[in-house]
Amino acid sequence: MDEVKIRIRMSQSDAHYGGDLVDGARMMSLFGDVATELLIRHDGDEGLFVAYDSVEFTAPVHAGDYIEATGRIERVGNTSRSMSFTACKVIEARIDPSRPSAARVLEEPLVVARATGTCVVPKERQR
Ligand SMILES: C/C=C/C(=O)SCCNC(=O)CCNC(=O)[C@H](O)C(C)(C)COP(=O)(O)OP(=O)(O)OC[C@H]1O[C@@H](n2cnc3c(N)ncnc32)[C@H](O)[C@@H]1OP(=O)(O)O
């Protein structure tokens, strides 16, 4: 199946730690939304996330950054669907402390988080 991608700007309300740092849970929330779309496309149902096998946070995310979260189904079981996810920063904010509104488009997307996990769509809900 095709990859699913969502793109979102981290707002000031996403900042949770000092220096407007965004918490890692926000990336997992994006992965949940990607998983939901994958399941709707595959099964016609939103399904449920049962487990993450691995989660890595590989670079900091700040308020004002633009994040692209992608995912794909790697394996289809009876009711389970194993998935992989990547979140990349494509626009970086906070690049100049003397100019808070300065930002730049990154030449290459920067991977900020990766994960693998499993969702379940009970048999009676699969379409
Ligand atoms: C898209 C995002 C959505 C969300 O974030 S939803 C919010 C968070 N998630 C939840 O609230 C879910 C709460 N959990 C549940 O309600 C139940 O828990 C489930 C309905 C998810 C599963 O319950 P049951 O169907 O009774 O589980 P089983 O029959 O033991 O397993 C079903 C399939 O799932 C695989 N599985 C179970 N546990 C794990 C695990 N820890 N890691 C990987 N796979 C797992 C099994 O093997 C099997 O797969 P096979 O049907 O294809 O044979």
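This report concerns the structure included in the present document. Since the model is a prediction, treat every value here as computed from it, not as a measurement.

### Things to note about the overall build of the protein
Item 1. For the protein, the count of helices and strands is one helix and seven strands.
Item 2. Walking the protein from its N terminus toward its C terminus, one meets helices and strands in the order β-β-β-α-β-β-β-β.
Item 3. Based on the C-alpha atoms only, the size of the protein along its principal axes is roughly 55 × 25 × 20 Å.
Item 4. Taking contacts inside the protein between residues at least 6 apart in sequence as the whole, the part at least 24 apart equals 71%.
Item 5. When the accessible surface of the protein is summed, it comes to about 7200 Å², and 48% of that surface belongs to carbon and sulfur atoms.
Item 6. With 16 positive and 20 negative side-chain charges, the protein shows a spacing of 2 Å between the two charge centroids.

### Concerning the pairing of strand 6 (residues 80-93)
Item 1. In terms of burial, strand 6 is largely enclosed, as 13 of its 14 residues are buried.
Item 2. One ladder, built from ten bridges, connects strand 5 (residues 66-76) with strand 6; its direction is antiparallel. Residue A69 lies in a different strand from strand 6, and its bridge partner there is A87.
Item 3. With antiparallel pairing between neighbouring strands as the criterion, strand 5 and strand 6 make up a hairpin whose turn holds three residues.

### Examining the site of the ligand
Item 1. Around the ligand, the surrounding shell holds 14 residues, and the nearest of these are T36, F49, N78, T79 and S80.
Item 2. Interatomic distance of 2.8 Å between a backbone N/O atom of N78 and an oxygen atom of the ligand.
Item 3. In terms of residue count, strand 4 (residues 48-57) provides more of the shell around the ligand than any other element does, four residues in total.
Item 4. Taken together, the residues of the shell around the ligand sort by class into six nonpolar, seven polar and one charged.

### Things to note about the packing of aromatic side chains
Item 1. Scanning the model with the defined rule gives three aromatic pairs in all.
Item 2. Centroid distance F49 to Y52: 4.3 Å. Interplanar angle 20°. Geometry classified as stacked.
Item 3. Given the relative accessible area of 30%, F49 is considered partly exposed.
Item 4. With a centroid separation of 6.1 Å and 35° between ring planes, the pair formed by F49 and F85 is classed as tilted. In this pair, F49 sits in strand 4 while F85 sits in strand 6, placing the two residues 36 residues apart along the sequence.
Item 5. Each member of the aromatic cluster is reached from another via a ring pair, and the members are F31, F49, Y52 and F85.

### Section: unusual backbone geometry
Item 1. Even without being glycine, D20 reaches a positive phi, approximately 60°.
Item 2. With respect to the helices and strands, the residue D20 is situated in the loop between strand 2 (15-17) and strand 3 (21-22).
Item 3. D20 gets classed as partly exposed once you look at its relative accessible area, which sits at 25%.

### Some remarks on the nonpolar core
Item 1. Grouped together as the largest cluster of nonpolar side chains are 23 residues, with contacts concentrated most on M27, I67 and M83.
Item 2. Those elements giving two or more residues to this core turn out to be helix 1 (24-43), strand 5, strand 6 and strand 7 (103-120).
Item 3. What M83 contacts, discounting residues up to four positions off in sequence, is A35, L38, L39, R72, I73, E74, A115, T116, G117 and C119.

Analysis parameters
- Residues numbered from 1 in each chain as written.
- Predicted model: local features only at pLDDT ≥ 70, side-chain atom pairs only at ≥ 80, totals over all residues.
- Heavy atoms only, no water.
- Helix = DSSP H or I, 4+ residues; strand = E, 2+ residues; numbered from the N terminus.
- Contact = heavy atoms within 4.5 Å.
- Areas by Shrake-Rupley, 256 points an atom, 1.4 Å probe, with all protein chains shown as cover.
- Lys, Arg positive; Asp, Glu negative; His and termini not counted.
- Charge placed at Lys NZ, Arg CZ, Asp CG, Glu CD.
- Buried < 20%, exposed > 50% of the residue type's maximum accessible area, 1.4 Å probe, protein only.
- Pairing = 2+ DSSP bridges.
- Near = heavy atom within 4 Å.
- Polar contact = N/O pair within 3.5 Å; in protein donor to acceptor, adjacent residues only side chain to side chain.
- Nonpolar A, V, L, I, M, F, W, Y, C, P; charged D, E, K, R; others polar.
- Phe/Tyr/Trp six-rings, centres within 6.5 Å; stacked < 30°, edge-to-face > 60°.
- Core = buried A, V, L, I, M, F, W, Y, C linked by side-chain atoms within 4.5 Å.

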